[in-house]
Amino acid sequence: MRILGLDVGTKTVGVAVSDEMGWTAQGLETIQINEEKQEFGFKRLEEIIKEYNVDSIVVGFPKNMNGTIGPRGEACQKYADLLVDTFQLPVQLWDERLSTMAAERILISADVSRKKRKKVIDKLAASVILQNYLDSKN
């Protein structure tokens, strides 16, 4: 039972996957997307889902600090709906408030340069989202 974790942005999707026991999350990659052109990276996601035998997906759900849902949150809800329609897998929205900031702090504490941080931040944010989800279940 592997779970895919996604951090969905306007230009990229950070991707992480759990181990088979559902205990730990590992960042995989960052997929380039283009919301305006309706290019959502589903071809690559399909390859990942098959390669890792994924049976469910967790999508980061960026709520406002007061708990309301803004435009980015609505976009993530739509992305999650498209995932369900495309892959027929269960999709869970997971509150991701501050996950990108947590990922940024991890990279800064590891003394990763700003240029390198930009390349891996989405993948690490997906790992943080997925790990938080896994921790809540165990």
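Refer to the structure printed above.
Summary of the structure given here. (Residues numbered from 1 in each chain as written. Predicted model: local features only at pLDDT ≥ 70, side-chain atom pairs only at ≥ 80, totals over all residues. Heavy atoms only, no water.)

### Re the overall build of the chain
1) Next: Along the chain, the regular secondary structure elements total 4 helices and 5 strands.
2) Next: The N-to-C order of helical and strand elements in the chain reads β-β-β-α-β-α-β-α-α.
3) Next: Relative to the 2.2 N^0.38 estimate, which gives 14 Å for 138 residues, the radius of gyration of the chain is 14 Å and therefore close to what a compact globule would have.
4) Next: Projected onto its principal axes, the C-alpha coordinates of the chain cover approximately 40 × 35 × 30 Å.
5) Next: Residues classed as buried in the chain amount to 43% of the 138 residues present.
6) Next: Pairs at least 24 apart in sequence give 61% of the contacts found in the chain among residues at least 6 apart.
7) Next: The positive charge centre, built from 19 side chains, and the negative charge centre, built from 20, are 7 Å apart in the chain. (Helix = DSSP H or I, 4+ residues; strand = E, 2+ residues; numbered from the N terminus. Rg over C-alpha atoms; globule rule 2.2 N^0.38 Å. Buried < 20%, exposed > 50% of the residue type's maximum accessible area, 1.4 Å probe, protein only. Contact = heavy atoms within 4.5 Å. Lys, Arg positive; Asp, Glu negative; His and termini not counted. Charge placed at Lys NZ, Arg CZ, Asp CG, Glu CD.)

### Focus: the pairing of strand β1 (residues 2-8)
1) Next: Burial of β1 is extensive: 7 of the 7 residues sit out of reach of the surface.
2) Next: In β1, alternate side chains face the same way, and those of R2, L4, L6 and V8 on one face and I3, G5 and D7 on the other are all buried.
3) Next: Two strands pair when backbone bridges link them, and β1 and strand β4 (residues 54-61) are joined in this way by 5 bridges, in the parallel orientation. Within β4, the residue paired with R2 across the bridge is V54.
4) Next: Sheet topology places β1 next to strand β2 (residues 12-18); 5 bridges connect them, and they run antiparallel. The residue bridging L6 from the neighbouring strand is V15, located in β2.
5) Next: Counting the residues in the hairpin turn of β1 and β2 gives 3 residues. (Pairing = 2+ DSSP bridges.)

### Quick look at the nonpolar core
1) Next: Core analysis: the biggest nonpolar cluster contains 22 residues, and L4, L6, L45, I57, Y79 and L83 have the highest contact counts within it.
2) Next: When contributions to this core are tallied by element, the ones reaching two or more residues are β1, β2, α1 (42-52), β4 and α2 (71-87).
3) Next: If you tally residues by element for this core, the top one is α2, at 5 residues.
4) Next: Setting aside chain neighbours within four positions, we find L45 in contact with L4, L6, V15, I31, F40, Y79, L83 and F87.
5) Next: Counting residues in hydrophobic clusters, the runner-up holds 9 residues, among them I3, V58, Y133 and L134. (Core = buried A, V, L, I, M, F, W, Y, C linked by side-chain atoms within 4.5 Å.)

### Brief notes about unusual backbone geometry
1) Next: With a phi close to 60°, Q38 is a non-glycine residue in the positive phi region.
2) Next: By the secondary structure assignment, Q38 is in the loop between β3 (25-32) and α1.
3) Next: The class of Q38 is exposed, set by a relative accessible area of 56%.
4) Next: Positioned with a positive phi, Q88 is a non-glycine residue whose angle comes to about 50°.
5) Next: Tracing the chain through its elements places Q88 in the loop between α2 and β5 (91-95).

### Notes on the pattern of salt bridges
1) Next: Tallying each qualifying case throughout the model produces 5 salt bridges.
2) Next: One salt bridge connects R72 with E35, and the closest N-O pair in it is separated by 2.9 Å. Placement of the pair is R72 in helix α2 and E35 in the loop between β3 and α1, with a sequence separation of 37 residues.
3) Next: For the salt bridge of E46 with K50, the shortest nitrogen-to-oxygen distance reads 3.4 Å. Here the residue E46 and the residue K50 both occupy positions in helix α1, the gap between them amounting to 4 residues, near one helical turn.
4) Next: A single salt-bridge network, built from bridges that share partners, covers E29, R44 and E47. (Salt bridge = Lys/Arg side-chain N within 4 Å of Asp/Glu carboxyl O.)

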